[in-house]
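What follows is each chain in one-letter form.
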Amino acid sequence: MYPTSEQEQQMLLHCAHARYTWNLAVEQHAHWRPGRRSAPGFAEQCRQLTEARRANGWLGAGNADVQQQALKDFAQAKNAKFTSGFGEPTWRRKYVHEGFRVVGTDRVPEFEPDGSPKLNAKTGKQVMGRSVVVQKLNRRWAQVKVPGCGWVRFRLTRREPPQAKTFRVTYKNNRWHIAFAVIPGSIDAPGTGKLIGIDRGVKITAALSDGRKLNCPQLTVKEQAQIRKHQRRAARAPKGSDRKTVAYATVARLKARETDRRKDWCEKTSTMLARTCDLIRFEKLNIKNMTASAKGTVEQPGTKVKQKAGLNRAILAQGWGLLRRRTEHKAPGRVEDVPAPFTSLRCSACGWIEKKSRKSQADFVCVSCGFACNADENAANNVAAGQGGISHPRQSAGAGGATAVISRSSVREPQPTRVGIPLPTGGGGCQTGLRSSHESTAGVPHSSVT
Ligand SMILES: [Zn+2]
């Protein structure tokens, strides 16, 4: 969005009001303890808002819809706390969580899905719904009515301005954005029966099972050097100086560019996958656990904290989660998760799992059958086959030739109980027949059991 400076002032005021109302709601709910009366719901909060607007001139001067929609956002966030992944709604901070929702002011007749006009059950009158007021100016530009600001111009990223009831305005990194509340339709499957497995990594963001390697664009070396330069300048500038502010703003702009690139790549890649593949398989990653800090506690500080932080940054810069999420949005029901363990160590030709097969970061040569392949492609093939953790004992020599099995697999998965073979009775806890990988390597050789 490109508001004029007066419009920008008004929109920042809307942001402040929305944030204030949201934080009041958070405070009300934070006050609750077992035994106290339950915190007010949306309807009660709206009633209280009306009272508060009457009592406080400055709040009453703001837009009622903007304030009420902040309460509605809160109610929705509260309802979705177990499903959204964000948990309990928390404080909104100035400069960080700036934004507000606007309800359209235009009235349009509503229709049933079959096309007949929607009628009020009591009065029998036509139901009138809300719609945002958007005007297309030319191929690139359109304008939208924002309360208190009049027409605000924005760049179109779609051919036609959408039919929406509400829109959300956000302010981040010194930029205004508008998002219309429309759920776009999903992309149709091509119907070719094409199945693809995707192995996500740090070196190669997404290795596809058909051999393609897709990389998420990062900042260039030059841009990274610029970030470091301006961070250094900011650190050396006196506190509260203009120089410090300018240096930090430059850093923020460069970092925002990296985020933009990542998002753009994820959007394009997920659309490509949804358009060209019938079934898309990802390995199941718990990114939150993978990127946990190694800091530890004061009493027990962790080791290699800086290195782990660097790896975490590299993982998060790949946009693994976003790619998976957006693909699911665009191709609902056509995305599957495959258990991740050993997808990178399993031979996709014969199924043998062996640490030594992975010769280096890039090369995979199976020690069992001699199958040689790029390591990421091999992993992607495993993901496509839907197999990661399940080891399949070799039946015969694979296509790559007959190399004798040199040793027991070093990373065997827990094996099922074999009928007729007494299990080594250790602590009596082996009734399930599951042995850890450590036991299987150091345990009794197979021949002596039989
Ligand atoms: Zn093999």
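Note that this is a predicted model, so its numbers are computed, not measured. (Residues numbered from 1 in each chain as written. Predicted model: local features only at pLDDT ≥ 70, side-chain atom pairs only at ≥ 80, totals over all residues.)

## Let's talk about the overall build of the protein
The condition is simple: We count a stretch as a helix when DSSP gives it H or I for four or more residues in a row; a strand needs E for two or more, and each element gets its number in order from the N terminus. Three exposure classes are used. Buried residues have 20 or more other C-beta atoms within 10 Å of their own C-beta, exposed residues have 12 or fewer, and partly exposed residues fall in between, all C-beta atoms being placed from the backbone. In this description, a residue-residue contact is defined by the distance between C-beta atoms placed from the backbone, which must lie within 7 Å.
Check the secondary structure of the protein and you find twelve helices and 15 strands. Within the span of the protein, comprising 450 residues, buried residues form 24% of the whole. Put simply, 64% of the contacts in the protein that link residues at least 6 apart link residues at least 24 apart.

## Observations concerning the nonpolar core
Soluble globular proteins tend to pack their nonpolar side chains together in the buried interior. For the record, the criterion: For our purposes the nonpolar core covers buried Ala, Val, Leu, Ile, Met, Phe, Trp, Tyr and Cys residues that link as a set through C-beta atoms within 7 Å. In this entry, domain limits derive from an automatic or database-based domain assignment.
If you look at the biggest cluster of nonpolar residues, it comprises 35 residues, and the most contacted ones within it are Ile 198, Ile 280, Cys 366, Ala 380 and Val 383. Contributions of two or more residues to this core are made by strand E10 (206-208), helix H6 (242-276), strand E12 (279-284), helix H9 (320-330), strand E13 (335-339) and helix H10 (375-384). Top contributing element to this core by residue count: H10, with five residues. Residue assignment places this core across two domains, with domain 2 (195-339) and domain 3 (346-420) each supplying three or more.

## Side note on the sheet that holds strand E6 (residues 150-155)
Which entries qualify depends on this criterion: In this description, strands pair whenever DSSP reports at least two bridges between them. Helix axes are fitted only over the stretch in contact, all axes being lines through C-alpha atoms; the angle between N-to-C directions runs from 0 to 180 degrees.
Taken in spatial order, the three strands make up an open sheet running E4-E5-E6, and their pairing is antiparallel. Pairing within the sheet leaves two strands with one partner each, and these edge strands are strand E4 (134-136) and E6. With direction set aside, neighbouring strand axes in the sheet form an average angle of 25°. Judged from the three bridges that link them, E4 and strand E5 (residues 141-146) form a sheet pairing that is antiparallel. Across the sheet, residue Val 134 finds its bridge partner in E5, namely Val 144.

## Section: helix H4 (residues 64-79)
Put simply, the rule is: Given the number of residues in a helix, its expected span is that number minus one, multiplied by 1.5 Å.
Helix length check: H4 (16 residues) gives 23 Å between terminal C-alpha atoms against 22 Å at 1.5 Å per residue, within 8%. When H4 is considered as a whole, its buried residues turn out to be Val 66, Gln 67, Gln 68, Gln 69, Ala 70, Leu 71, Asp 73 and Phe 74. Where H4 is buried, its residues contact helix H1 (5-30), helix H2 (42-55) and strand E1 (98-103).

## Quick look at the packing of helix H5 (residues 221-236) against H6
Rules: Oblique is the label for any angle not covered by the other classes, which are roughly parallel (under 35 degrees), roughly antiparallel (over 145) and roughly perpendicular (65 to 115). For a crossing to be left-handed, the near helix must be turned anticlockwise from the far one by less than a right angle; the clockwise case is right-handed. Just so you know the grouping, Ala, Val, Leu, Ile, Met, Phe, Trp, Tyr, Cys and Pro go in nonpolar, Asp, Glu, Lys and Arg go in charged, and all remaining residues, Gly too, go in polar.
Between H5 and H6, whose axes approach to 8 Å, the crossing angle comes to 155°. The angle between H5 and H6 places the two elements in the roughly antiparallel class. By crossing handedness, the relation of H5 to H6 is classed as left-handed. Within the contact between the two elements, H5 uses Glu 223, Gln 226, Ile 227, His 230, Gln 231, Arg 233 and Ala 234 and H6 uses Arg 243, Lys 244, Ala 247, Tyr 248, Thr 250, Val 251 and Leu 254. Broken down by class, the residue content of the contact of H5 with H6 amounts to six nonpolar, four polar and four charged.

## Brief notes about unusual backbone geometry
At Asn 173, a position not held by glycine, the phi torsion is positive, near 50°. Inspection of the secondary structure puts Asn 173 in the loop between strand E7 (166-172) and strand E8 (175-180). With a phi angle near 50°, Lys 304 is a residue other than glycine that sits in the positive phi range. Tracing the sequence through the fold places Lys 304 in the loop between helix H7 (287-290) and helix H8 (305-316).

## Details of the confidence of the model for the protein
Applied cut-off: Confidence scores here are pLDDT values: one per residue, from the predictor, ranging 0 to 100.
Per-residue confidence for the protein averages 82 on the pLDDT scale, and 86% of its residues sit at or above 70. Note on residues 389-409: pLDDT is under 50 here. Beyond four places in sequence and across chains, it has 40 contacts. Predicted confidence is poor over residues 413-450, with pLDDT under 50, and the contacts of this stretch with residues over four places away or in other chains come to 26 contacts.

## Here we look at the sheet that holds E1
Picture the strands of a sheet paired through backbone hydrogen bonds; they go either parallel or antiparallel. Strand order in this open sheet of three strands is E1-E7-E8, and the pairing throughout is antiparallel. A strand with exactly one partner marks an edge of an open sheet, and here the two such strands are E1 and E8. This sheet shows a mean twist of 20° between the axes of neighbouring strands, independent of strand direction. As paired elements, E7 and E8 share six bridges and run antiparallel to each other. From the neighbouring strand, Lys 172 faces E8, where its bridge partner is Arg 175. On the sheet, H1 packs against E1 and E7 and is oriented at approximately 95° with respect to E1.

## Focus on the pairing of strand E9 (residues 195-200)
Direction of pairing for E9 relative to E12: parallel, over a ladder of four bridges. Opposite Leu 195, over in E12, you have Leu 279 as the bridge partner. Sheet topology places E9 next to E10; three bridges connect them, and they run antiparallel. Looking at the pairing, Asp 199 lines up with Ala 207 of E10. Hairpin connection of E9 to E10: five residues between the antiparallel strands.

## Observations concerning the environment of Val 66
One can find Val 66 in helix H4. As a C-alpha pair, Val 66 and Phe 100 span 34 residues in sequence and 6.4 Å in three-dimensional space. Aside from chain neighbours lying at most four places away, what touches Val 66 is His 14, His 17, Ala 18, Phe 100, Val 102 and Pro 147.

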